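Chains, contacts and geometry: an overview
What follows is each chain in one-letter form.
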Amino acid sequence: MKAAVIVFPGSNCDRDLKVALEAQGMDVTMVWHKDTTLPDGLDFVGIPGGFSFGDYLRCGAIAAQSPICQSVVDFANKGGYVFGVCNGFQILTETGLLPGALLRNAGLKYICKTVGLQVETSDSAFTSEWAKGDVINVPIAHHDGNYNADADTLARLKGEDRVAFTYTDNPNGAADDIAGILSENRRVLGMMPHPERASDEGHGSVEGMPMFKGLAGMFANA
């Protein structure tokens, strides 16, 4: 179970993600954004939250041009598992690995609080530990978390069961209350809320832990 966490200038959740993965037995390597290749034998790549390159231009736009991101795209296109949380979700849309875009919150303010999420599918390695319809409470911390896509894309995401999570009380104006989506092969997940911040008793919540438990279990049984 080998994982890599990509680190950009301005990342601030990279260690949180590393700790959550290690708690489930994964061997985690931190990879700097200027590296051009990923470590050999990886099962999983995590792109953490934060404010890569100060969120200049568009959130995630500069990070998506970092040398390592082409290797992440290649890894995903070959069937690798990739998880992008918050700024990582923004980066995944900027690389084209996930459709749509993350816009400024509808209220034009930064939001930092715990929100309710409804699990919309259990048919993925990321969500297999939950049942469809389960509600979990997970922190958010973003200024640009308003997910948007054209009508055809939204219909396709729903029709292909690729909406992973929705907000029970939409905090940011996201289309169709979408909080997280899956790629066509269901091996790439992007979401704005932070399950890695709800994966340890010291955080006051372990409601995000099942995501990492499910991933580790899948790799262990492969």
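It should be emphasised that the depicted structure is a prediction, and the values quoted were computed from it without experimental measurement.

Turning next to the nonpolar core. Phe-83 and Phe-165 are the most contacted members of the largest nonpolar core, which totals 66 residues. Examining the composition of this core, we find that six residues originate from one element, helix α2 (residues 67–77), more than from any other. Ignoring sequence-local partners within four residues, the contact set of Phe-83 consists of Leu-17, Phe-44, Val-45, Gly-46, Ile-47, Leu-92, Phe-126, Leu-189, Met-191, Pro-195, Met-211 and Phe-212.

This part is about the pairing of strand β10 (residues 178–182). Successive side chains on a regular strand alternate, one facing one side of the sheet and the next facing the other. Within β10, five of the five residues are buried, which leaves the element mostly enclosed by the surrounding structure. Judged from the three bridges that link them, strand β9 (residues 163–167) and β10 form a sheet pairing that is antiparallel. Opposite Val-163, over in β10, you have Ile-181 as the bridge partner. Relative to strand β11 (residues 188–191), β10 is paired through three bridges, and the arrangement is antiparallel. Within β11, the position partnered with Gly-180 by the bridge is Met-191.

The next point concerns helix α1 (residues 14–22). For α1, every residue scored as buried is listed here: Asp-14, Leu-17, Ala-20 and Leu-21. One face of α1 carries all of its buried residues, which in axial projection span an arc of 130°.

Here we take up unusual backbone geometry. Not every positive phi belongs to a glycine, and Leu-108 is a case in point at roughly 60°. In this model, Asp-177 sits at a positive phi of 60°, which is unusual for a non-glycine residue. Note on placement: Asp-177 falls in the loop between β9 and β10. Asp-177 sits in the partly exposed class, given a relative accessible area of 33%.

What counts and what doesn't
- Residues numbered from 1 in each chain as written.
- Predicted model: local features only at pLDDT ≥ 70, side-chain atom pairs only at ≥ 80, totals over all residues.
- Heavy atoms only, no water.
- Core = buried A, V, L, I, M, F, W, Y, C linked by side-chain atoms within 4.5 Å.
- Buried < 20%, exposed > 50% of the residue type's maximum accessible area, 1.4 Å probe, protein only.
- Helix = DSSP H or I, 4+ residues; strand = E, 2+ residues; numbered from the N terminus.
- Contact = heavy atoms within 4.5 Å.
- Pairing = 2+ DSSP bridges.
- Arc of directions from axis to C-beta.

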